[in-house]
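Structural description and commentary
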Amino acid sequence: MIVTTHDRSDITPDSPDVSSDPPRWMAQGICAGHTELFFAPHAERPPSRLRREAAARQVCMRCPVRIQCRDHARAHLEYGLWGGESEAERAAAGYAVPAPIGGRTVAEAV
Ligand code: SF4
């Protein structure tokens, strides 16, 4: 999820995710201003979550830094939907957060 702006002149989708903070690829994310799609609101019910995540995933599928974003979220055990991948999907891939929101299990991800 991207909520920052930076000079984009020297960034390409393949730019390495070196130790810059935030990572340089984040400047190319197309989700700025849409935080509500990527993170669960309090007490979100499963049908609402599925609709929200589907809408977020559609944004991610058009994003030029989707793979970097997904890999970042996996490496940092992020919450929310990153790179088209939900928290539950990351858990199923072996990158579970310590305390899943809503107590979701890996089995619910698939
Ligand atoms: S892949 Fe999705 S969450 Fe990641 S920067 Fe792009 S739009 Fe945002």
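The present account deals with the structure reproduced in this document. (Residues numbered from 1 in each chain as written. Predicted model: local features only at pLDDT ≥ 70, side-chain atom pairs only at ≥ 80, totals over all residues.)

What follows is about the overall build of the protein. Within the protein, the secondary structure is distributed over five helices and zero strands. Buried positions account for 25% of the 110 residues belonging to the protein. (Helix = DSSP H or I, 4+ residues; strand = E, 2+ residues; numbered from the N terminus. Buried ≥ 20, exposed ≤ 12 C-beta atoms within 10 Å, placed from the backbone.)

Once that is clear, we can look at the site of the ligand. Close to the ligand lie 14 residues, the nearest being Gly 29, Cys 31, Cys 60, Cys 63 and Cys 69. If you list the elements that add at least two residues to the shell around the ligand, you get helix H2 (46–61) and helix H3 (66–76). Tallied by class, residues from the shell around the ligand come to eleven nonpolar, two polar and one charged. (Near = placed C-beta within 6 Å. Nonpolar A, V, L, I, M, F, W, Y, C, P; charged D, E, K, R; others polar.)

Moving on, we get to H3. If you check which residues of H3 are buried, you get Arg 66, Gln 68, Cys 69, Arg 70 and Ala 73. Each element contacted by the buried residues of H3 is listed here: H2 and helix H4 (87–92). Residue Leu 77 follows H3 closely and has a positive phi angle near 50°. (Contact = placed C-beta atoms within 7 Å.)

Let's shift gears to the nonpolar core. Counting residues in hydrophobic clusters, the biggest one holds twelve residues: Trp 25, Met 26, Ala 27, Cys 31, Phe 38, Ala 56, Cys 60, Val 65, Cys 69, Ala 73, Leu 81 and Trp 82. Those elements giving two or more residues to this core turn out to be H2 and H3. (Core = buried A, V, L, I, M, F, W, Y, C linked by C-beta atoms within 7 Å.)

This brings us to H2. The end-to-end C-alpha separation of H2 is 22 Å, in line with the 22 Å expected for 16 residues at 1.5 Å each. What H2 keeps buried is the set Glu 53, Ala 56 and Cys 60. Projection of H2 onto a plane perpendicular to its axis shows the buried side chains occupying an angular sector of 65°, all on one side. Exposed and oriented more than 90 degrees from the buried face of H2 are Pro 47, Ser 48, Leu 50, Arg 51, Ala 54, Gln 58 and Met 61. Lining the buried residues of H2 we find helix H1 (35–38) and H3. (Expected span 1.5 Å × (residues − 1). Arc of directions from axis to C-beta.)

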